[in-house]
Amino acid sequence: VGEFISFLDEDFRNQSLVFNTLALYYVKTGDLETAAGYFLQSLQIKEKLNDKPAMAKLAANLADVYQLSGNYPQAVNFNEYIIRIGKDLKKYDLISLAYLNIAAVNLLQKKYSEAETNVLRKALPLFKWNQVGRMRSFSMLAGIYAMQNRYSEAKWYNLQARRIADMLNDTQAQISSLV
């Protein structure tokens with residue numbers, strides 16, 4: 001019986017891999033609706049296997065696809081799904097990145113207050129020891145404030161992001177902070 005279950009698990013993993021590969025193909029061709037369908041099928045298999053790290057990755061792919069296609073409610077839903085998985089796994093970087101992604105969706109919808117809350121009150125505190133995450137949070141806050149013409153606040157957060165980029169010797173981030 002154990003060998004049969006192991007065989008089924010391996011078969012499910014292979015099916016999931018095929019669906020994921022097809023989804024990536026359709027993302028590259030620009031057919032986001034078909035890609036989402038294949039990502040969903042792969043996610044359903046990973047849920048049956050209770051493979052939470054893979055579930056989080058597939059949910060991130062789905063959130064990105066829905067964000068790109070302008071289906072913002074679904075993008076937020078899948079980021080919230082990632083947050084639930086992150087809490088189960090006690091993966092705080094995963095949770096905080098999902099909050100940053102929700103803030104990015106809020107920003108696209110011009111929901112500045114919600115975006116600010118998702119960064120300041122939810123993502124940033126979880127990046128306490130993660131300097132790259134703090135830098136991303138500060139950069140996002142700079143963008144949020146700049147879009148609202150709140151330039152003094154945007155400048156302050158941009159300077160904080162630049163300070164961390166300098167400390168990490170991250171040339172690409174240093175350049176981004178100049179823009």
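Keep in mind it's a predicted model, so treat the numbers as computed, not measured.

Student: Explain the packing of helix α5 (residues 92-108) against helix α7 (residues 131-147) residue by residue, including any values.
Tutor: Packing of α5 against α7 brings their axes to within 11 Å, and their N-to-C directions diverge by 15°. Between α5 and α7, the angle falls in the class roughly parallel. At the point where α5 passes α7, the crossing takes the left-handed sense. Residues Leu97, Leu100, Ala103, Ala104 and Leu107 of α5 form the contact with α7, whose participating residues are Arg136, Ser137, Met140, Ile144 and Met147. Along the lines of polarity and charge, the residues of the contact of α5 with α7 split into 8 nonpolar, 1 polar and 1 charged.

Student: Give a description of the environment of Ala154 that names residues and reports values.
Tutor: As for its position among the elements, Ala154 is in helix α8 (residues 151-168). Residue classification places Ala154 among the buried positions, given a relative accessible area of 8%. Along the sequence, Ala154 and Leu141 sit 13 residues apart, while their C-alpha atoms lie 6.8 Å from each other. If we skip the residues at most four places from it in the chain, Ala154 touches Ala142, Tyr145 and Ala146.

Student: Give a description of the packing of aromatic side chains that names residues and reports values.
Tutor: To describe a pair of aromatic rings, one takes the distance between the centres and the angle between the planes. Inspection of the entire model under this criterion finds 8 aromatic pairs. Pairing Tyr25 with Tyr26 gives two aromatic rings, centres 5.0 Å apart and planes at 80°, and the pair type is edge-to-face. A relative accessible area of 47% places Tyr25 in the partly exposed class. Its relative accessible area of 22% is what places Tyr26 among the partly exposed residues. Measuring from ring centre to ring centre gives 5.6 Å for Tyr145 and Tyr157, while their planes differ by 25°; the resulting arrangement is stacked.

Student: Help me get a handle on α8, residues and values and all.
Tutor: When the terminal C-alpha atoms of α8 are compared, their 25 Å separation across 18 residues agrees well with the 26 Å that a helix rising 1.5 Å per residue should span. Turning to α8, its buried residues are Ala154, Tyr157, Gln160, Ala161, Ile164 and Ala165. The buried residues of α8 occupy an angular sector of 140° when the element is viewed end-on, so they sit on one face. More than 90 degrees from the buried face of α8, the exposed residues found are Tyr151, Ser152, Lys155 and Met167. Backbone geometry just after α8 places Asn169 at a positive phi near 55°.

Student: So what about the environment of Lys90? Which residues, and what values?
Tutor: With respect to the helices and strands, Lys90 occurs in the loop between α4 (72-89) and α5. The exposure class assigned to Lys90 is exposed, which follows from its relative accessible area of 58%. Along the backbone, Lys90 and Ala154 are 64 residues apart, and their C-alpha atoms lie at a distance of 32 Å.

Student: Tell me what's going on with the layout of surface pockets, and back it up with residues and numbers.
Tutor: Quantified by volume, the largest pocket comes out at close to 220 Å³. For the largest pocket, the lining is made up of 12 residues, of which Met135, Ser139, Gln172, Ala173 and Ser176 are closest to its centre. Going through the elements one at a time, α7, α8 and α9 (171-178) are the ones with two or more residues in the lining of the largest pocket. Each residue belonging to the lining of the largest pocket can be placed in one class, and the counts come to 4 nonpolar, 5 polar and 3 charged.

Student: Now, about the pattern of salt bridges: what can you tell me, with residues and values included?
Tutor: Considering all chains together, one arrives at 5 salt bridges under this definition. Of the charged contacts, one joins Asp166 and Arg162 as a salt bridge, the two residues approaching to 2.9 Å between their closest N and O atoms. Taken together, the positions of Asp166 and Arg162, both in helix α8 and 4 residues apart, correspond to about one turn of that helix. On the basis of relative accessibility, which here comes to 36%, the residue Asp166 falls in the partly exposed class. Salt bridges here are not isolated pairs; linked through shared partners, they connect Glu116, Arg150 and Glu153.

The rules behind each value
Residues numbered from 1 in each chain as written. Predicted model: local features only at pLDDT ≥ 70, side-chain atom pairs only at ≥ 80, totals over all residues. Heavy atoms only, no water. Axes fitted to C-alpha atoms, helices over the stretch in contact; angles between N-to-C directions. Helix = DSSP H or I, 4+ residues; strand = E, 2+ residues; numbered from the N terminus. Parallel < 35°, antiparallel > 145°, perpendicular 65-115°, else oblique. Left-handed = near helix turned anticlockwise from the far one by under 90°. Contact = heavy atoms within 4.5 Å. Nonpolar A, V, L, I, M, F, W, Y, C, P; charged D, E, K, R; others polar. Buried < 20%, exposed > 50% of the residue type's maximum accessible area, 1.4 Å probe, protein only. Phe/Tyr/Trp six-rings, centres within 6.5 Å; stacked < 30°, edge-to-face > 60°. Expected span 1.5 Å × (residues − 1). Arc of directions from axis to C-beta. 1 Å grid on protein atoms, 1.4 Å probe; cavity = no way out; pocket = protein on both sides within 12 Å on 5 of 7 lines; lining within 4 Å. Points joined across faces, edges and corners; volume = space filled by probe spheres on them. Salt bridge = Lys/Arg side-chain N within 4 Å of Asp/Glu carboxyl O.

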